[in-house]
2 protein chains.
Amino acid sequence: MIDVRFPTTLQMMLSLALAQSEGDILLSSTQLAEGAGTNPTLVRRLLPLLSKAGLISVTKGREGGVRLARPAREVTLDTIYRAIVGDEPLWTARENVPHRCLVSNNISSFFGRLTREAEEALLLSLSRRDLAESLEELRRIETCALPGR
Amino acid sequence: MIDVRFPTTLQMMLSLALAQSEGDILLSSTQLAEGAGTNPTLVRRLLPLLSKAGLISVTKGREGGVRLARPAREVTLDTIYRAIVGDEPLWTARENVPHRCLVSNNISSFFGRLTREAEEALLLSLSRRDLAESLEELRRIETCALPGR
DNA sequence: TTATTATGTATCCAATATAGATACATTTAG
DNA sequence: CTAAATGTATCTATATTGGATACATAATAA
């Protein structure tokens, strides 16, 4: 099964940014799930990760729900990625490689370095966008997609 | 199950680069598999991808085997990644997201752009290393790991 | 020509990770 | 106290990968 946690979380965060811009509205896990085309359980599994990272603020109980914990402009997409993925490296090498030659002896260290470098490049790319800017991009996309007349 | 095709392929390519530097030696899928801690079947599933990408040259039949098709200096790691991963995007968004609002209407386009950008950054990072340079790095790692006296 | 020894593939099974569904404990506002 | 939200546990279905076996195909040595 394909891992859709990052795209799903990103859509949740964009929905929260939109709700914030429309007057600090709280969204429930059910509403977030319907918007993202998934079910409330998955949303409720993701919320604590975002909450621990300080990106959202969650209120339990009646009249509770979810909102962004910071202005949309201050939430860059790399922090969302990190909140969901955690310490998991982008790529994982095979374990139990026998040590027999220059390559097999040191592939693990080498691959670790390579992975960290690539990850850094990836996160830097994500850090160039924030939620507010992304909402603007969504608006531009919607405008472009309108049928011409 | 964790996907180890890229790390495995990278190790195979490094082994081939080492074999090349030691006198254009051919390696069999069995030898490559033993070095990488896997089985010949997986290696033989990966070889055609590298071959189609023009990175290796494979000879069937008795006395056959695998060698690099180009000098190690001219094989950058991004081409290896592309050969194995193909067109598969780095991240895949969920399908069947209902179109109901600014976010859900346009998330698919937005996420596609984001993914392509991140992928580009990733490949650029990989393109900074080639196989020859990587062998040198393996040698440096091995030297550093020697116990001091 | 024949035996040997490579790769290329098909097939099957096992292991693993994620998504989805249900249920229920916990928390909080009214 | 009730209603309604999140937090979590558990189970199942599904998809993907890796490993094993077998065999077709190809090419070389003898």
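Some words on the nonpolar core
Counting 91 residues, the largest nonpolar core has Met13 and Leu131 of chain A together with Met13, Ile80 and Leu131 of chain B as its most contacted members. Once you skip the residues sitting within four places of it in the chain, isoleucine 80 of chain B turns out to touch Phe6, Thr9, Leu10, Met13, Leu50, Leu55, Val75 and Leu131 of chain B.

Brief notes about the protein's contact with DNA strand D
In the vicinity of DNA strand D, 30 residues are found, and the nearest of them are Ser29 of chain A together with Met1, Val4, Arg5 and Thr38 of chain B. Considering DNA strand D, the proportion of its atoms within 4 Å of the protein that are sugar or phosphate atoms stands at 60%. Contact between DNA strand D and arginine 44 of chain A: a base nitrogen at 3.2 Å from a side-chain N or O atom of the residue. Glycine 61 of chain A has a polar backbone atom sitting 3.3 Å from a sugar or linking oxygen of DNA strand D. Of all the secondary structure elements, the ones that give two or more residues to the surface near DNA strand D are helix H3 (40-52) and strand E1 (56-59) of chain A together with helix H3 (40-52) of chain B. Among the elements that make up the surface near DNA strand D, the one with the highest residue count is H3 of chain A (five residues). Here the residues of the surface near DNA strand D sort into eight nonpolar, 10 polar and 12 charged.

Notes on the interface of chain B and chain A
Contacts between the two partners involve 52 residues from chain B and, on the opposite side, 52 residues from chain A. Carbon and sulfur atoms supply 67% of the area buried between chain B and chain A, which totals about 4800 Å² over both sides. At the boundary of chain B with chain A, the tally comes to four salt bridges. Looking at the side of chain B that touches chain A, the elements that each hand over two or more residues are helix H1 (5-21), helix H2 (29-36), helix H4 (77-85), helix H5 (102-126) and helix H6 (131-145) of chain B. Here the element with the most residues in the side of chain B that touches chain A is H5 of chain B; it accounts for 17 residues. Partitioned by chemical class, the residues of the side of chain B that touches chain A number 29 nonpolar, 13 polar and 10 charged.

A word on the pairing of strand E1 (residues 56-59) of chain B
Residues and elements named next belong to chain B. Pairing of E1 with strand E2 (residues 65-68) involves four bridges; the strand directions are antiparallel. From the neighbouring strand, isoleucine 56 faces E2, where its bridge partner is leucine 68. Counted along the chain from E1 to the antiparallel partner E2, the turn is five residues long, and its residue glycine 61 has a positive phi close to 80°.

Structural notes on the relation of the copies chain B and chain A
If you rotate chain B by 180° and push it 0.0 Å along the axis, it lands on chain A with an RMSD of 0.0 Å. Such a combination of rotation and displacement between the chain copies is what one expects of a two-fold axis. A share of 100% of the interface residues of chain B reappears at the interface of chain A, consistent with the copies meeting face to face through the same patch.

Thoughts on the environment of alanine 69 of chain B
All names here are of chain B. Here alanine 69 lies in the loop between E2 and H4. For alanine 69, a relative accessible area of 41% corresponds to the partly exposed category. Along the sequence, alanine 69 and leucine 55 sit 14 residues apart, while their C-alpha atoms lie 5.3 Å from each other. Here alanine 69 is in contact with Gly54, Leu55, Ile56 and Ser57, once residues within four sequence places are set aside.

Points about the side chain of asparagine 106 of chain B
Inspection of the secondary structure assignment puts asparagine 106 of chain B in helix H5. Within the structure, asparagine 106 of chain B has its side chain in polar contact with the side chain of glutamate 142 of chain A (distance 3.0 Å). Not counting residues up to four positions away in its chain, the partners in contact with asparagine 106 of chain B are Leu138, Ile141 and Glu142 of chain A.

Notes on unusual backbone geometry
Residues and elements named next belong to chain A. Even without being glycine, aspartate 24 reaches a positive phi, approximately 55°. Within the secondary structure, aspartate 24 sits in the loop between helix H1 (5-21) and helix H2 (29-36). Relative accessible area serves as the criterion here: at 41%, aspartate 24 is assigned to the partly exposed category. For asparagine 96, which is not glycine, the phi torsion reads 65° and is therefore positive.

A closer look at the protein's contact with DNA strand C
Taken together, 28 residues sit near DNA strand C, with Met1, Val4, Arg5 and Thr38 of chain A together with Ser29 of chain B positioned nearest. The contact atoms of DNA strand C, taken as those within 4 Å of the protein, divide so that sugar and phosphate hold 64%. Between threonine 41 of chain A and DNA strand C, the recorded distance is 3.1 Å, taken from a side-chain N or O atom to a base oxygen. The leading source of residues in the surface near DNA strand C is H3 of chain B, at five residues. Looking at the surface near DNA strand C, its residues break down into eight nonpolar, nine polar and 11 charged.

Procedures and definitions
Residues numbered from 1 in each chain as written. Chains lettered and ligands numbered in written order. Predicted model: local features only at pLDDT ≥ 70, side-chain atom pairs only at ≥ 80, totals over all residues. Heavy atoms only, no water. Core = buried A, V, L, I, M, F, W, Y, C linked by side-chain atoms within 4.5 Å. Buried < 20%, exposed > 50% of the residue type's maximum accessible area, 1.4 Å probe, protein only. Contact = heavy atoms within 4.5 Å. Near = heavy atom within 4 Å. Polar contact = N/O pair within 3.5 Å; in protein donor to acceptor, adjacent residues only side chain to side chain. Helix = DSSP H or I, 4+ residues; strand = E, 2+ residues; numbered from the N terminus. Nonpolar A, V, L, I, M, F, W, Y, C, P; charged D, E, K, R; others polar. Buried area = accessible area lost by both parts, 1.4 Å probe. Salt bridge = Lys/Arg side-chain N within 4 Å of Asp/Glu carboxyl O. Pairing = 2+ DSSP bridges. Least-squares fit on C-alpha atoms with pLDDT ≥ 70 in both.

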